[in-house]
Amino acid sequence: MSKKAVLMMTFGSPEAISYEAVAEFFTNIRRGVRPEEDEIKTLYDNYVRIGGTPLQAITREEVRLVAEALEGQANVYFANKFSSPFIPEVVRQMEQDGIEECLGLALEPHYSYYSIYGYEKLIESKTIRFHMVKDWYHNPNLLQFWEQEIKKILTEDVKDGSFKVFFSAHSVPVIALEFEDPYIDQIYKNGQIIAERLGLEKHQYTHTWQSESDIGLPWMKPDVLEYLREQTEHPEHYIFIPISFISEHIEVLYDNDI
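What you see is a predicted model; the values in this text were computed from it and never measured.

Peer 1: Is there a simple way to explain the packing of aromatic side chains in this structure?
Peer 2: When we look at a pair of aromatic rings, we describe it by the centre distance and by the angle of the planes. Enumeration according to the criterion identifies 14 aromatic pairs in this entry. Centroid distance Phe11 to Phe25: 6.3 Å. Interplanar angle 85°. Geometry classified as edge-to-face. On the criterion of sequence distance, the pair formed by Phe11 in the loop between strand E1 (4-10) and helix H1 (19-29) and Phe25 in helix H1 is long-range, its members being 14 residues apart. When its relative accessible area of 26% is taken as the criterion, Phe11 is described as partly exposed. Taken together through their ring pairs, the aromatic side chains of Tyr111, Tyr113, Tyr114, Tyr117 and Phe179 make up a single cluster.

And the structure:
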């Protein structure tokens, strides 16, 4: 029997909440090109405002739970795309450990050429057969989680008040439509499935985008903040559901909460 493993991967985050640690992380994201100092300062300030990111701690706990569930069936490894431990380094460790077959799981539920494909490109091995989970936004347990969390808010906080649910996802450049990136359709479909499970009426929910960055390209709209500012009338409650994220980190704690 071949020696099996699961490689769980996430985007990464700064090694510490210091200016240079954030600069190094941002430089990794920009593929080795150090961003302008004002860009670094903005990102650093955002991390300070949220008190640092819990992404790595949350992910390591997820890895521990998966390892516990798969004990005796597969070894479980953890790697980041843009911070330590880096994916190529962990793959080399897996080779040294004699792993022959591995399931790759990026902790992002939707497939995009901007996200999951980026993980796939970093996985190279002559001795390990890799099988990548492409998308899992339709997993029944994940859908049930969102349904239960929204129901809890509607029951405990909203009660009989008027409300609108925002299914919010990390935006991608509009050019993604031209090369038929499946991500955009998957995001719309994901929100639709959850809305149907909850029995929401059309006026009670919408789809918005968030977290776009200034790279000189138009991004998918409406941006959630622009959408809010354009409304002339508001319900009593807005419920933000960041369906493209499964852990709290800067895109949720800063871009949504602040």
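Peer 1: Honestly, the pattern of salt bridges in this entry has me stumped. Any pointers?
Peer 2: Opposite charge on two side chains allows them to pair when their charged atoms are near. Per the counting criterion, the structure on display carries 13 salt bridges. When the shortest N-O distance is used, the salt bridge between Arg64 and Glu61 registers 2.7 Å. You can see Arg64 and its partner Glu61 sitting in helix H3 (residues 55-69), 3 residues apart, about one turn around the helix. Under the relative-accessibility criterion, Arg64 is labelled partly exposed at 40%. Classification of Glu61 as partly exposed rests on a relative accessible area of 35%. Here Arg129 ties to Glu101 by a salt bridge, and the two come within 3.2 Å at their closest N and O atoms. Within this pair, whereas Arg129 is found in strand E4 (residues 129-132), its partner Glu101 is found in strand E3 (residues 101-106), the two being separated by 28 residues in sequence.

Peer 1: I'm lost on the sheet that holds E4 in this one. Help?
Peer 2: With respect to topology, 4 strands assemble into an open sheet ordered E2-E1-E3-E4, the strand pairing being parallel. Each edge of the open sheet is held by one strand with a lone partner, namely strand E2 (75-80) and E4. Along the sheet, successive strands turn relative to each other by an average axial angle of 25°, direction set aside. Together, E1 and E2 form the strand contacts of H3, whose direction differs from that of E2 by roughly 165°.

Peer 1: Would you mind going over the pairing of E3 with me for this structure?
Peer 2: Every regular strand shows the same layout, with side chains that alternate between the two sheet faces. Of all 6 residues in E3, 5 are buried; the element is thus mostly enclosed. Where E1 meets E3, 6 bridges bridge the pair, whose relative direction is parallel. Residue Ala5 lies in a different strand from E3, and its bridge partner there is Cys102. Taken together, the 4 bridges between E3 and E4 define a ladder with parallel strand orientation. Its bridge partner being in E4, Gly104 is matched across the sheet by Met132. On the question of chirality, the crossover connecting E3 to the parallel E4 by way of helix H5 (residues 116-122) is right-handed.

Peer 1: Even after reading the chapter, I still don't get the nonpolar core, so can you show me in this structure?
Peer 2: Considering soluble globular proteins, one finds that nonpolar side chains tend to be buried as a cluster. Counting residues in each nonpolar core, the largest one holds 34 residues, and the members touching the most others are Val165, Phe167, Ile194 and Ile241. Looking at this core, the elements that each hand over two or more residues are E1, E2, helix H6 (140-158), strand E5 (163-170), helix H7 (183-198), strand E6 (205-210) and strand E7 (237-242). Counting residues in hydrophobic clusters, the runner-up holds 18 residues, among them Leu7, Ala79, Ile116 and Ile123.

Peer 1: How should I be thinking about H6 in this particular structure?
Peer 2: Owing to its 3.6 residues per turn, the α-helix aligns residues three or four sequence positions apart on the same side. The terminal C-alpha atoms of H6 lie 25 Å apart, and with 19 residues this matches the ideal 27 Å at 1.5 Å per residue to within 8%. Every buried residue of H6 is listed here: Leu142, Leu143, Trp146, Glu147, Ile150, Leu154 and Val158. Buried residues of H6, viewed axially, fall in a sector of 135°; they line one side. Across from the buried face of H6, at angles greater than 90 degrees, the exposed residues are Pro140, Asn141, Thr155 and Glu156. Where H6 is buried, its residues meet E5, H7 and E7. Among the residues of H6, the N-terminal cap falls to Asn139, whose side-chain oxygen and the backbone nitrogen of Asn141 are separated by 2.9 Å. Of the residues flanking the end of H6, it is Lys159, one or two places downstream, whose phi is positive at about 55°.

Peer 1: Before we go on, may I ask you to explain the sheet that holds E6 in this structure?
Peer 2: Pairing between sheet strands relies on hydrogen bonds along the backbone, with the strands arranged either parallel or antiparallel. Judged by pairing direction, the sheet is parallel, and its 3 strands sit side by side in the order E6-E5-E7 without closing on themselves. Strands at the two margins of the open sheet, each flanked by one partner only, are E6 and E7. When strand polarity is set aside, the average angle formed by the axes of neighbouring strands in this sheet is 30°. Along the sheet, H6 makes contact with E5 and E7, crossing E7 at roughly 165°. Strands E5 and E6 of the sheet are contacted by H7, whose axis makes an angle of about 145° with E6.

Cut-offs and rules
Residues numbered from 1 in each chain as written. Predicted model: local features only at pLDDT ≥ 70, side-chain atom pairs only at ≥ 80, totals over all residues. Heavy atoms only, no water. Phe/Tyr/Trp six-rings, centres within 6.5 Å; stacked < 30°, edge-to-face > 60°. Helix = DSSP H or I, 4+ residues; strand = E, 2+ residues; numbered from the N terminus. Buried < 20%, exposed > 50% of the residue type's maximum accessible area, 1.4 Å probe, protein only. Salt bridge = Lys/Arg side-chain N within 4 Å of Asp/Glu carboxyl O. Pairing = 2+ DSSP bridges. Axes fitted to C-alpha atoms, helices over the stretch in contact; angles between N-to-C directions. Contact = heavy atoms within 4.5 Å. Right-handed = clockwise from strand over helix to strand, strands pointing away. Core = buried A, V, L, I, M, F, W, Y, C linked by side-chain atoms within 4.5 Å. Expected span 1.5 Å × (residues − 1). Arc of directions from axis to C-beta. Polar contact = N/O pair within 3.5 Å; in protein donor to acceptor, adjacent residues only side chain to side chain.

On their own, these measurements won't tell you what the molecule is for.
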